[in-house]
Amino acid sequence: MCGIVGYIGCSEAAPVLLKGLKNLEYRGYDSVGMATVSDSLKVFRGVGKIEKATENLDLRTLQGRVGIGHTRWATHGDVSEKNAHPHLDCKKRIAIVHNGIIENYKDLRDRLVEKGHEFKSNTDSEVIAHLIEDNMDDAMSFEEACITSFKELDGSYAVLAVLRDDQKIVAARKDSPLVIGLGEGELYFASDVSALIEWTKDVVYLQNHDVVVATAEGDMSFYNLIEEQEVKRRRDTVGWDAEQARKGEFEHFMLKEISEQAETVSRAILQDDEVIERIIDEVRRAKGVFFVGCGSSYHACLAGSYLFSKVAGVHVNLVLASEFENYEHFLTDETLVFAVSQSGETADVLDAVKAAKRRGSKVIAVTNVVGSSLMRAGDMMLLMNSGPEICVLSTKTYTSQVVLMAFLAYALAGKRDDCTKSIRNLYMDIFNLTSKTMREHLKGLAALLVSSEHIFMIGRGLQYATALEAALKVKEVSYIHTEAFAGGELKHGPLALIERGTPVFIFVGRNNREKVLSNAHEVKARGGVLIGISEQDEEPFDMWIKVPECGNFNPIIQAIPMQVLAYELAVQRGLDPDKPRNLAKCVTVL
Ligand code: AGP
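These lines cover the structure that appears in this document, whether it is placed above or below. Model, not experiment: these values are computed from the prediction. (Residues numbered from 1 in each chain as written. Predicted model: local features only at pLDDT ≥ 70, side-chain atom pairs only at ≥ 80, totals over all residues. Heavy atoms only, no water.)

**Digging into the packing of aromatic side chains**
No. 1: Under the defined criterion, the tally for this structure stands at 12 aromatic pairs.
No. 2: Between the aromatic rings of Phe-308 and Phe-338, the centroid separation amounts to 6.5 Å while the plane-to-plane angle is 70°, which identifies the pairing as edge-to-face. A residue pair is termed long-range when its members are at least 10 positions apart, and Phe-308 in helix α9 (residues 295-312) and Phe-338 in strand β18 (residues 336-341) qualify at 30 residues.
No. 3: Judged by centre distance (5.6 Å) and plane angle (25°), the rings of Tyr-410 and Phe-553 are stacked. With Tyr-410 in helix α12 (residues 396-412) and Phe-553 in the loop between β25 (543-546) and α18 (554-572), this pair connects stretches of sequence that are 143 residues apart. Accessibility assignment for this pair places Tyr-410 and Phe-553 in one class, buried.
No. 4: Site record: aromatic cluster; members linked through ring pairs are Phe-290, Phe-324, Tyr-327 and Phe-330. (Phe/Tyr/Trp six-rings, centres within 6.5 Å; stacked < 30°, edge-to-face > 60°. Helix = DSSP H or I, 4+ residues; strand = E, 2+ residues; numbered from the N terminus. Buried < 20%, exposed > 50% of the residue type's maximum accessible area, 1.4 Å probe, protein only.)

As structure tokens, then:
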């Protein structure tokens, strides 16, 4: 996912931009660039990681106290310097950086080429610079040209635009996040708070269709393209500090965030009673409830669908966000959709929300990011309170999502206090599961598995959701092919995959212990090596990860040692657990 930063104020912009881009590295990228404004536009672009791309860059060549920067995660156009942002207009007076996708860029580009514009890249984003130039050629001011141009863009954008010899930044957002940090006589722009929090905790979140003109004096004027008028936006204060967004004493964000779960699980239930009441009223009134998410969020939705059934007797339709369009036909204004996304920016989820809105359905946004597109799109929202999750892998946000699902199920059943008590009782169990002792045990287990070509995982009911999540953790961070199956499915095909020495994890819950142990015996009989996750060691196990039995809260407890194991596998395979290959923290493209 691309990241954008901007600065305008009393210091040289380039060093601030570079630091801001480094703070956005976790989003995943393949090229980087900056532009600063002085009597001309000074532009730098490079391919690869920031250290590599800027190793020969002398920041003094990027003079100016106004600047914009970009980390690119290629969607349109290959990974190359010409496709890196910032993009310029023909006269090299305008520079823009963009996060999102311009869906009508081809038509716009054809029209501009006909008018004589020359394009240098094969990206969608470059069209924005030429569109602004074209409108300025029609005697518009820079600000007017920007506003007119943004109105013509279909798709999603968070854009920063600057003009040579003009001490201002024009910023705009539609369906891609953009936040402004308020300093002393200086302003910071970024795709998310973690890029600018080391300078300020006072922020303004742009709303959808907002355009902001910011001047070197620190003044800002807000205009909304839909309301077609000047608007006011409130100042917020970020609830966490730069320290939280840094690694602390941990080598990687992944381990830091795993270790925070005793706290974050407890924080997830700190919800506004009135909001919970309104949400469960909506569930009771709805004719059809959907849980929609991707990846780990989908696994949390699966666990949630079991809990809604078991605890509250409520039926929920569980759907992958990318498949939701197949259900659009029978959505009505009585349908309720829970859109679950820790980042609040996953394109598949935002697309599903748009489909639901088209049919008049109500949307409950379940997210971890204040000011995210999902939060703004929802009719109501539930925040996970997990704090910043920098690692590409979802760990603490996954368990917080499961907590929220359980909390809603128990609230529906009129047993919210029981849930609160049970969650609070997990504190020490989670603390122990993230302790150094447990980590040493799992380090040893990882050493036995580190050269595996395949790993399989089996569970039933809530443990099946955990098996899916555990398999995703291991595969995405260690690159070992890992798959999960519902225990009852084993004989319908997957059993053919078991050979002598194949490692198979068995997730055991007291409620379906006998059935899943019979699956374990089937695997054992074919030479599989069994690793049990259970409250007690069982006869067929070759290795055992001891976890407390927590009934409906097993999906929280049993996921944690698997997160640690996945982390250890990645480290022992010499990989960076925070930035797995080919992946980004947030998938903002469909
Ligand atoms: C989880 O470890 C992965 N990083 C990925 O599957 C993730 O859960 C998925 O992309 C959904 O992200 P979201 O919760 O931000 O929507």
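**A look at the environment of Leu-206**
No. 1: Here Leu-206 is to be found in the loop between β11 (202-205) and β12 (210-215).
No. 2: A relative accessible area of 0% means that Leu-206 is categorised as buried.
No. 3: If near-sequence neighbours (up to four positions away) are discounted, Leu-206 is found in contact with Ala-171, Ala-172, Arg-173, Leu-178, Ile-180, Val-212, Phe-222 and Arg-376. (Contact = heavy atoms within 4.5 Å.)

**Examining the sheet that holds strand β1 (residues 3-8)**
No. 1: Sheet architecture is open: 8 strands sit in the order β3-β2-β4-β1-β10-β9-β11-β15, paired in antiparallel fashion. Looking at strand neighbours, the two that pair on one side only are β3 (41-47) and β15 (236-237), the edges of this open sheet.
No. 2: As judged from the 4 bridges shared by strand β9 (residues 179-182) and strand β10 (residues 187-190), these two strands associate in the antiparallel manner. The residue bridging Gly-181 from the neighbouring strand is Tyr-188, located in β10.
No. 3: Where helix α1 (residues 13-23) meets the sheet, it contacts β1, β2 (31-37), β4 (66-72) and β10, and its direction lies at approximately 155° from that of β2. (Pairing = 2+ DSSP bridges. Axes fitted to C-alpha atoms, helices over the stretch in contact; angles between N-to-C directions.)

Shape is all these values report; function is a separate question.
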